[in-house]
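# Observations on the model geometry
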Amino acid sequence: MTNVLLIDDDGETGISEALSGRHGIAVLDVMMPVLNGVETLRRIRLKSHLPVLMLTAKGDDADRIIGLELGADDYVPKPCTPRELTARIRAILQSSNLSFAVAAQAKIRTAMDWA
């Protein structure tokens, strides 16, 4: 089973968790107070290749391009369905050289609000 880290309200804590080695992927909200998701991703990328999926209400082309250029593995605009989010997480895990069996077992351990 792969642990999914949700970073949706505290970028600093999210960075620490992302660098802890306890998670197989991070789902990162772009619009957070204090330290936004773009800066959080930039800091994670300085020290880690942990797969990151950005989830945000900001879905225009420029925002998606910035996120992807900074190293996000995918960029999903809200709202999205839990099924789509799960499929995208599994696809990222598969392409990150994790075995298909591990990726298929990935579980989201946090309640998420896609609204």
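The rules behind these values
- Residues numbered from 1 in each chain as written.
- Predicted model: local features only at pLDDT ≥ 70, side-chain atom pairs only at ≥ 80, totals over all residues.
- Heavy atoms only, no water.
- Core = buried A, V, L, I, M, F, W, Y, C linked by side-chain atoms within 4.5 Å.
- Buried < 20%, exposed > 50% of the residue type's maximum accessible area, 1.4 Å probe, protein only.
- Helix = DSSP H or I, 4+ residues; strand = E, 2+ residues; numbered from the N terminus.
- Contact = heavy atoms within 4.5 Å.
- Salt bridge = Lys/Arg side-chain N within 4 Å of Asp/Glu carboxyl O.
- Polar contact = N/O pair within 3.5 Å; in protein donor to acceptor, adjacent residues only side chain to side chain.

## Structural notes on the nonpolar core
Counting 16 residues, the largest nonpolar core has I7, A26, L28, L41, V52 and M54 as its most contacted members. Mapped onto this core, the elements with two or more residues apiece are β1 (4-7), α1 (11-18), β2 (25-29), α2 (37-47) and β3 (52-56). Aside from chain neighbours lying at most four places away, what touches I7 is G14, A26, V27, L28, D29, M32, T40 and I44. In terms of nonpolar packing, the next biggest core, distinct from the first, is built from 12 residues, L55, V76, L85 and I89 among them.

## Some remarks on the pattern of salt bridges
Any two side chains of opposite charge can pair, given that their charged atoms come close. Applying the stated rule across the entire model yields 9 salt bridges. For K78, the salt bridge identified is with D29, shortest N-O distance 3.1 Å. Here D29 lies in strand β2 and K78 lies in the loop between β4 (74-77) and α4 (82-95), a separation of 49 residues in the sequence. Notably, a salt bridge pairs D74 with R88, separated by 2.7 Å at the nearest N-O pair.

## A closer look at the side chain of T56
Within the secondary structure layout, T56 lies in strand β3. Setting aside residues no more than four positions away along its own chain, T56 makes contact with D29, V30, M31, Y75, V76, P77 and K78.

## Overview of the side chain of D74
Considering the arrangement of structural elements, one finds D74 in strand β4. Within the local environment of D74, its side chain forms a polar contact with the side chain of R88, the two groups lying 2.7 Å apart. Ignoring anything within four residues of it in the chain, the contact list for D74 reads V52, L53, M54, L68, R88 and I92.

## A few points about unusual backbone geometry
At the junction of K78 and P79, the peptide bond is cis and its omega measures out at -5° in the coordinates. Positive phi, close to 70°, is recorded for V34, a residue that is not glycine. Of note, V34 is situated in the loop between β2 and α2.

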